[in-house]
Amino acid sequence: AQNGGANRVKGFMAEQEDRISREFFLEHELKRALENNELAIFYQPQVSLKDRRIIGMEALIRWHHPEKGLISPQDFIPLLEKTGLIVPVTRWLISTVCNQIRDWHKQGLSMAVSVNLSAEHFDSLDLIKTTKEALDETGIDPHYLGMEITESTVMQDVSGASKILEELAGWGIKVSLDDFGKGYSSLSYLQRLAIDTIKIDRYFIYDIPENSQNITLANTIVTMAHNLGKEVLAEGVETEEQARILRELNCDYAQGFLFGRPQPPDKLSFG
Ligand code: C2E
Ligand code: CA
Ligand code: CA
Ligand code: CA
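Named according to an unreviewed UniProt entry, the protein is Diguanylate cyclase (GGDEF)-like protein/PAS domain S-box-containing protein originating from Desulfosalsimonas propionicica.

What follows is about the confidence of the model for the protein. Counting all residues, the mean pLDDT for the protein is 91, and 98% of those residues have values of 70 or more. Among the prediction metrics, the complex's ipTM stands at 0.96, with pTM recorded as 0.91.

The full set close to ligand 1 counts 22 residues, and Gln 44, Arg 62, Ser 118, Glu 238 and Phe 257 are the nearest of them. At 3.1 Å, a backbone N or O of Ile 61 approaches a nitrogen atom of ligand 1. Asn 116 places a polar side-chain atom, nitrogen or oxygen, 3.3 Å from an oxygen atom of ligand 1. Protein contacts shield 84% of the accessible area of ligand 1, which totals 810 Å² for the unbound molecule. When residues in the shell around ligand 1 are grouped by element, the largest group, four residues, is from strand β2 (residues 54-65). Within the shell around ligand 1, the residues separate by chemical class into nine nonpolar, six polar and seven charged.

Glancing now at a nonpolar patch on the surface. A cluster of nonpolar residues, Val 9, Phe 12 and Met 13, forms a patch on the protein surface that exposes about 300 Å² of accessible area. Examined against the element boundaries, Val 9 turns out to sit in helix α1 (residues 2-35).

Turning our eyes to something else, we now look at helix α8 (residues 212-227). If you check α8, its first and last C-alpha atoms are 23 Å apart, about what 16 residues at 1.5 Å a residue would give, namely 22 Å. In this structure, the buried side of α8 is in contact with β6 (174-180), β7 (197-200), β8 (231-234) and α9 (240-248). Capping of α8 at its N-terminal end is provided by Asn 211; its side-chain oxygen lies 3.0 Å from the backbone amide nitrogen of Gln 213. Two residues or fewer past α8, Gly 229 is found with a positive phi of approximately 80°.

The next point concerns the coordination of the calcium ion (ligand 2). Note on metal sites: the ideal angle is 109.5 degrees for four tetrahedral donors, and 90 or 180 degrees for six octahedral donors. Listed as protein donors to the calcium ion (ligand 2) are Glu 58 (OE), Asn 116 (OD1), Glu 148 (OE) and Asp 178 (OD); their distances from the metal cover 2.2 to 2.3 Å. The sequence pattern formed by the donor residues of the calcium ion (ligand 2) is E-x57-N-x31-E-x29-D. Separating the calcium ion (ligand 2) and the calcium ion (ligand 3) is a distance of 3.7 Å, and Asp 178 donates to both of them. Of the two residues, Glu 58 is situated in strand β2 and Glu 148 in strand β5 (residues 145-149); the sequence distance between them amounts to 90 residues. Across the pair, exposure class does not vary: Glu 58 and Glu 148 are buried alike.

Calculation rules
- Positions within a chain are numbered from 1, following the residues in the order the chain's sequence is written.
- Chains carry letters and ligands carry numbers; both start at the beginning, A for chains and 1 for ligands, and go up in the order they are written.
- Only residues with pLDDT of at least 70 get local features here, since the model is predicted, and only at 80 or more are side-chain atom pairs given and counted; chain-wide, interface and lining totals rely on the full set of residues.
- Excluded from the side-chain calculations are hydrogens and water; all other atoms, namely the structure's heavy atoms, are used.
- As a per-residue quantity, pLDDT reports the predictor's confidence and falls between 0 and 100.
- Think of it this way: one heavy atom of a residue within 4 Å of a molecule or strand is enough to make that residue near it.
- The definition of a polar contact used here is a pair of N or O atoms within 3.5 Å, where within protein one atom must be able to donate a hydrogen and the other to accept one, and adjacent residues in sequence count solely through side-chain atom pairs.
- Areas reported here follow the Shrake-Rupley algorithm with a probe of radius 1.4 Å; residue values treat only the protein chains shown as occluding.
- Secondary structure elements follow DSSP: runs of H or I no shorter than four residues count as helices, runs of E no shorter than two count as strands, and numbering proceeds from the N terminus.
- Each residue gets one label: Ala, Val, Leu, Ile, Met, Phe, Trp, Tyr, Cys and Pro are nonpolar, Asp, Glu, Lys and Arg are charged, and the others, such as Gly, are polar.
- A residue counts toward a patch only above 30% relative accessible area and without a salt bridge, and it is joined to like-charged neighbours within 9 Å or, for Val, Leu, Ile, Met, Phe, Trp and Tyr, to nonpolar neighbours within 5 Å.
- Salt-bridge detection follows one rule: a side-chain nitrogen of Lys or Arg within 4 Å of a carboxyl oxygen of Asp or Glu.
- The length a helix should cover is 1.5 Å for every residue beyond the first.
- Whether two residues are in contact is decided by their heavy atoms, any of which lying within 4.5 Å being enough.
- Distances up to 2.8 Å from the metal define which N, O and S atoms are donors, and 3.2 Å serves for Na, K and Ca; water is absent from the atom set, so sites may look incomplete.
- The cut-offs for exposure are 20% and 50% of the maximum accessible area for each residue type, with area from a 1.4 Å probe on protein chains only; residues under the lower value are buried, those over the upper are exposed, and the others partly exposed.

Written out as structure tokens, the structure reads:
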């Protein structure tokens, strides 16, 4: 038994070392990726459920690794956050997105684009400065830029986050509460933060219509949001039936594979 314990400790240590060296390697790789422009932005359409018109896009980051191929953001965003590299990455992201919005406008496409924020952005005023510079440089109307936050993003510093969001919202930037219903859900954020749109998490959508409880939940979220003067977007809509049901529940917008997968800008179609 004693030996088994020692082995377990050894195993644990090896695991830790493995994890640390893997992270160390990945961090090094990420720095190189930034220098070599291996990060790309894909765009996924968001549609109005009334007429299926595309009203905007969500910007989703991708890593084209030279050997490993396409790496999912779920696999590297946590490390970007941990190392603080998320700050320069988001600076690049916001500037690229603003340029993309301006290019689409030149083509006659009034497309809004939202970007995802991390908790790290609320630690400093860098986000305000970065956004101001990108808006000034491109001259786009701030109404076309959106920021997506989650409850866990703002939880660590609600008053700091609320000040920064207040400022951005004051310029006309749209704020969405992402992944609503997943993990912590404190309804108090809905009142305390300048939120325009609530995004219902994919988890509550994917098994509609089989799961009638989730239809009830979606219904409740839509009613509550509307009563608070906010709009609602359903994430992860994959079937016509889901779109029909959500439309009947008066859900305003939807996003999901039914309407389009995330694509690089040159592959998007706006039909
Ligand atoms: P999210 O913000 O909840 O983004 C939606 C995710 O759901 C995306 O995954 C999207 O591709 C996926 N999705 C969209 N429609 C469907 C559908 O109909 N069915 C299914 N099964 N999935 C769908 P993706 O692109 O892998 O992004 C994962 C997460 O990574 C995002 O979740 C977001 O939290 C994070 N992320 C992506 N880009 C950024 C970024 O620039 N900054 C930060 N901080 N986080 C990012
Ligand atoms: Ca999002
Ligand atoms: Ca989401
Ligand atoms: Ca989600």
